[in-house]
Amino acid sequence: MPSLRHEPIALQIAQQVSLDALLPAGVLDRMRLAQEARERGEIDPDDLDWDDFDGVDELSLDEALERAEQEPSAEELERRRELAKEPPLPEDVRRFMWHYRALTSAAYDLIGGPQLDRLARLYDRLEQELKPSGPPESPVYESYAVQHVLSDVQVGLARETPYSVLARLLQGDPERASLLELARSLADSHQDLYRVLAVQGSHAELQRLRDGSPLSVRTISEFLQPEDRLLARLLPFEGATYLADAPYLLQASGDEWLTYLARVAGDAAAAAGEASAARQARPAAQARLSPKQRSRLRQQRQRAERAQTPELALLRHLKFGSSERFWLDFIVEHYAGQRDGIACLAGVPRLTGAAAG
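Not measured: the values here are computed from a predicted model.

Some details on the packing of helix 3 (residues 27-39) against helix 6 (residues 91-110)
- Contact pair helix 3 / helix 6: the axes reach a minimum separation of 10 Å and the direction vectors enclose 120 degrees. Taken as axis vectors, helix 3 and helix 6 run oblique relative to one another. Crossing handedness for the pair helix 3 and helix 6: right-handed. Here helix 3 contributes Val27, Leu28, Met31, Arg32, Gln35, Glu36 and Glu39 to the contact with helix 6, which in turn contributes Arg94, Trp98, His99, Arg101 and Ala102.

So, the side chain of Thr161
- On the secondary structure map, Thr161 appears in the loop between helix 8 (142-151) and helix 9 (162-170).
- Thr161 has contacts with Leu150, Ser151, Val153 and Gln154, leaving out every residue within four places of it along the chain.

A short note on the packing of helix 9 against helix 10 (residues 177-188)
- Packing of helix 9 against helix 10 brings their axes to within 8 Å, and their N-to-C directions diverge by 155 degrees. What the angle tells us is that helix 9 and helix 10 run roughly antiparallel. When you trace helix 9 past helix 10, the crossing you get is left-handed. Residues Tyr163, Ser164, Ala167 and Leu170 of helix 9 lie in contact with helix 10, whose contacting residues are Leu179, Leu180, Ala183, Arg184, Leu186 and Ala187.
- Of the residues contributing to the contact of helix 9 with helix 10, the split by class is eight nonpolar, one polar and one charged.

A closer look at the pattern of salt bridges
- Enumeration over the complete set of coordinates arrives at 17 salt bridges.
- Residue Arg218 pairs with Asp92 through a salt bridge whose shortest N-O separation is 2.5 Å. Taken together, the residues span a long stretch of sequence, with Arg218 in strand 3 (residues 214-219) and Asp92 in helix 6 at a distance of 126 residues.
- When the shortest N-O distance is used, the salt bridge between Arg350 and Glu333 registers 3.2 Å. Remark: Glu333 occurs in helix 15 (residues 326-333) and Arg350 occurs in the segment after strand 8 (342-345); sequence separation between them is 17 residues.

Some details on the side chain of His99
- Among the structural elements, His99 can be located in helix 6.
- Residue classification places His99 among the buried residues on the basis of a relative accessible area of 1%.
- Not counting residues up to four positions away in its chain, the partners in contact with His99 are Leu28, Ser178, Leu179, Leu182 and Phe237.

Looking at the confidence of the model for the chain
- In the predicted model, the chain carries a mean pLDDT of 83, and 74% of its residues have values of at least 70.
- Of all the helices and strands in the chain, helix 12 (residues 283-287) carries the lowest mean pLDDT, 55, while strand 6 (residues 248-250) carries the highest, 98.
- Here residues 51-59 scores under 50 on pLDDT; set against residues more than four positions off or in separate chains, the count is 18 contacts.

Structural notes on the packing of aromatic side chains
- Counted according to the given criterion, the structure contains ten aromatic pairs.
- Taking the centre distance of 5.8 Å and the plane angle of 85 degrees together, the rings of Trp327 and Phe330 count as edge-to-face. Taken together, the residues span about one helical turn, with Trp327 and Phe330 both in helix 15 at a distance of three residues. For the pair Trp327 and Phe330, one class covers both residues: buried.

Re helix 14 (residues 310-320)
- Those residues of helix 14 lying buried are Ala313, Leu314, His317, Leu318, Lys319 and Phe320.
- The positive-phi residue at the C-terminal boundary of helix 14 is Gly321, with phi of around 65 degrees.

Let's talk about the pairing of strand 5 (residues 240-243)
- Taking every second residue as pointing to the same face, both faces of strand 5 are buried, with Ala240 and Tyr242 on one and Thr241 and Leu243 on the other.
- Taken together, the four bridges between strand 4 (residues 229-237) and strand 5 define a ladder with antiparallel strand orientation. Considered in strand 5, the bridge of Phe237 is made with Ala240.

As for the pairing of strand 8
- Here strand 8 shows a buried face lined by Ile342 and Cys344 and a second buried face lined by Ala343 and Leu345.
- In this structure, strand 6 lies alongside strand 8, joined through two bridges in parallel fashion. Bridge pairing in strand 8 links Leu249 to Cys344.
- Alignment of strand 7 (residues 335-339) against strand 8, held across three bridges, turns out to be antiparallel. Across the sheet, Gln338 pairs through a bridge with Ala343, a residue of strand 8.
- In this antiparallel pair of consecutive strands, strand 7 and strand 8, the connection spans two residues, and Asp340 shows a positive phi of 55 degrees.

Cut-offs applied
- Residues numbered from 1 in each chain as written.
- Predicted model: local features only at pLDDT ≥ 70, side-chain atom pairs only at ≥ 80, totals over all residues.
- Heavy atoms only, no water.
- Axes fitted to C-alpha atoms, helices over the stretch in contact; angles between N-to-C directions.
- Helix = DSSP H or I, 4+ residues; strand = E, 2+ residues; numbered from the N terminus.
- Parallel < 35°, antiparallel > 145°, perpendicular 65-115°, else oblique.
- Left-handed = near helix turned anticlockwise from the far one by under 90°.
- Contact = heavy atoms within 4.5 Å.
- Nonpolar A, V, L, I, M, F, W, Y, C, P; charged D, E, K, R; others polar.
- Salt bridge = Lys/Arg side-chain N within 4 Å of Asp/Glu carboxyl O.
- Buried < 20%, exposed > 50% of the residue type's maximum accessible area, 1.4 Å probe, protein only.
- pLDDT = per-residue confidence, 0-100.
- Phe/Tyr/Trp six-rings, centres within 6.5 Å; stacked < 30°, edge-to-face > 60°.
- Pairing = 2+ DSSP bridges.

This is the structure in structure tokens:
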């Protein structure tokens with residue numbers, strides 16, 4: 001029987017952590033109530049900052065709701081309403097954000113445990129070195145650093161992430177079906193390149209640069225303008241697609257980025273061809289295998305070759321880069337100013353080694 005440390009991380013955590021502790025029943029309702037109280041001025045916006053990834057847990061929500069029951073002075077109420085004033089978001093966008101914040105908070109809690117401690121140490125290093133907060137203090141958004149650690153860095157033999165662990169834990173729970181859907185979306189998500197075709201309120205029409213596909217997107221803030229080129233992570237949820245966090249504005253042309261992506265795909269195809277040729281050059285070793293072993297080896301090779309198709313290699317590169325720091329280093333090294341707090345990036349990354357990851 002395999003030892004616990006050799007089992008998938010999701011199975012280890014399932015034996016040690018209650019799902020009710022990570023995502024308590026009613027957490028989405030409490031988020032809704034707290035947000036509505038914040039908008040009415042009953043909660044100080046500083047007490048419930050939805051951009052603070054450490055402040056969306058059950059305790060802070062309960063504390064905020066308790067404070068909402070205390071009646072502030074008329075002057076304080078007006079001050080809070082002014083601070084909380086923001087364009088109203090459509091109901092589907094609000095529903096998405098409650099799910100998104102709940103899952104981000106739960107995944108962030110997971111990296112505090114021993115199974116994912118390496119990710120906690122990685123995030124601590126990123127905080128110390130990059131001080132993620134967004135322009136002008138840092139070109140790296142806090143949200144980007146958090147989502148990078150929770151979605152784009154794999155751990156363990158099963159190559160898991162906090163979001164993939166959450167998705168595994170949520171399986172088979174019909175009352176949390178919507179959370180499972182978004183957890184899977186977050187686990188599978190990757191950044192990609194887009195051009196903005198049109199913007200109207202919280203709606204945006206985008207075109208994916210690498211294949212020209214059109215996408216209708218819901219945004220949580222009015223940070224897009226027509227003809228912007230973006231490096232962004234989109235999340236499908238309940239039949240719509242959402243841009244939850246601030247994107248990066250790209251100054252290089254679409255043609256420059258397409259040339260870069262073609263090089264990534266070409267390098268992956270060349271590497272796959274070299275690997276295939278090397279395997280075919282060792283027939284003597286295969287001759288010593290039993291028919292069952294040869295069949296198993298052939299299946300493993302087929303899976304590996306499918307995983308190294310140019311398209312899949314390109315998607316892996318957009319998600320993982322060629323190292324854990326690849327896209328973070330690109331952001332830091334190519335930062336070229338900001339537009340209303342949205343960072344601009346010049347040029348395209350430099351390809352070195354196995355760029356497709």
